[in-house]
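# Architecture at a glance
Chain residues, written in single-letter form:
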Amino acid sequence: MKKTNIQMIAAILLLAIIVLSNLFAPWLAPYDPTQTNMQVKLEGPSKEHLLGTDALGRDMLSRVLYGGRASILLALVATTLSMGFGMILGVLGGWFGGIADWSITALANIFQGLPGTCFMIAIAGVLGPGIPHLLLALVLTSWAGFSRIVRTQTLRIREEPYIEGLRSLGAGNRKILCRHVVPNMISDLIVLFTTRVGRCVLSIAGMTYLGLGIRPPTPDWSVMINDARLNYRSAPHLIIVPGMCIFLLLLSINLLGDALRDRMDKRSQEVGEL
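Figured I'd write up the structure that's included with this text. (Residues numbered from 1 in each chain as written. Predicted model: local features only at pLDDT ≥ 70, side-chain atom pairs only at ≥ 80, totals over all residues. Heavy atoms only, no water.)

Across all of its chains, the model carries four aromatic pairs by this definition. Seen from their ring centres, F85 and W143 are 5.4 Å apart, and the 70° between their planes marks the pair as edge-to-face. Taken together, the residues F85 in helix α4 (residues 69-96) and W143 in helix α8 (residues 143-158) connect sequence positions 58 residues apart. Accessibility expressed as a relative area gives 1% for W143, which makes it buried. Both rings, one in F111 and one in W143, keep their centres 5.5 Å apart while their planes meet at 65°; by these two values the pair is edge-to-face. Of the two residues, F111 is situated in helix α5 (residues 98-113) and W143 in helix α8; the sequence distance between them amounts to 32 residues. By the ring-pair criterion, three or more aromatic residues cluster together here, those being F85, F111, F119 and W143. Across from the ring centre of F146, 6.0 Å away, lies the NZ or CZ of R196, which sits over that ring. (Phe/Tyr/Trp six-rings, centres within 6.5 Å; stacked < 30°, edge-to-face > 60°. Helix = DSSP H or I, 4+ residues; strand = E, 2+ residues; numbered from the N terminus. Buried < 20%, exposed > 50% of the residue type's maximum accessible area, 1.4 Å probe, protein only. Lys NZ or Arg CZ within 6 Å of the ring centre and 35° of its normal.)

Let us look at α4. Compared with an ideal rise of 1.5 Å per residue, which puts 28 residues at 40 Å, α4 spans 41 Å between its outermost C-alpha atoms and is within 8% of the ideal. Remark: G97 follows α4 within two positions and exhibits a positive phi of approximately 65°. (Expected span 1.5 Å × (residues − 1).)

Moving on, we come to helix α11 (residues 186-209). For α11, which comprises 24 residues, the first-to-last C-alpha distance of 34 Å matches the rise-based estimate of 34 Å (1.5 Å per residue) to within 8%. Note on α11: the residue one or two positions beyond its end, G211, has a positive phi of about 80°.

Mapped onto the elements of the fold, A259 is located in helix α13 (residues 237-273). The spacing of A259 and P45 is 214 residues in sequence and 36 Å in space, taken between C-alpha atoms.

Below, the discussion takes up unusual backbone geometry. P216 connects to P217 through a cis peptide bond whose omega is 5°. With respect to the element layout, P217 can be found in the loop between α11 and α12 (221-227).

Counting across every chain of the model gives six salt bridges. Between R158 and E159 there is a salt bridge, and its shortest N-O distance comes to 3.5 Å. A single network of salt bridges, built from pairs that share partners, joins D54, R58, R63 and D227. (Salt bridge = Lys/Arg side-chain N within 4 Å of Asp/Glu carboxyl O.)

Our next topic: the packing of α5 against α8. Two elements in contact, α5 and α8, have axes separated by 9 Å at closest approach and are oriented at 140°. Relative to α8, α5 is oriented oblique. For α5 against α8, the interelement crossing comes out left-handed. Contacts between α5 and α8 pair D101, I104, T105, L107, A108, N109, F111 and Q112 from the former with W143, A144, G145, S147, R148 and R151 from the latter. In terms of residue class, the contact of α5 with α8 is made up of six nonpolar, five polar and three charged. (Axes fitted to C-alpha atoms, helices over the stretch in contact; angles between N-to-C directions. Parallel < 35°, antiparallel > 145°, perpendicular 65-115°, else oblique. Left-handed = near helix turned anticlockwise from the far one by under 90°. Contact = heavy atoms within 4.5 Å. Nonpolar A, V, L, I, M, F, W, Y, C, P; charged D, E, K, R; others polar.)

What follows is the structure, given as structure tokens:
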């Protein structure tokens, strides 16, 4: 538990630094992230530009401070929508069973069987690139995981003795689901939520690198990596800096998810021993 607590604190601190630096970017950034200056293009780190400049002379530090805003916000929105949609279908299927459960399970199997990246590329090819279409693709490729876990938890909770007691007292399905079933699976969903956010960030970066996600001139880390393709040999800082930012963000999210999972497992073992 001590190791888990240290890991959780470290993950929270690292994640807080990244999020707060992006949140307060307008006050921390020394330059306008979209301001170009061809006279100082592709410069390395210096006193005036601590992380150097890109091919258009834009300050890398300023762009890095702004760079996580779009990806983090989009990942949070996509994961929240995926969790909400998957939770509704999973609860309905697990609680009522029958044709509803069979249909929802079959639909989840179909979506989980589709390669996520290929499916997102196909959506972008049909609907065109852009944030709304990328958001739709992220939700469609993520909801099935939430649905399956929620369904499993619902099936387990449905057989608990206290649920039969509530039914015998005249409690309706809506009251039981909202007050007793869903709250008992929140801890598992929080752990899954953290891991899904990290996957969404990575998917957004990959789609943006292919030119199908966040579009320039938005100061985003994945956009910066895409822009660095032509000059990363002569100016390696163009790809190293945003790449490290994405790596640290994913590291903090994954460490937090692992720590939360270990803590939840430990509590489950303690409850089982009692």
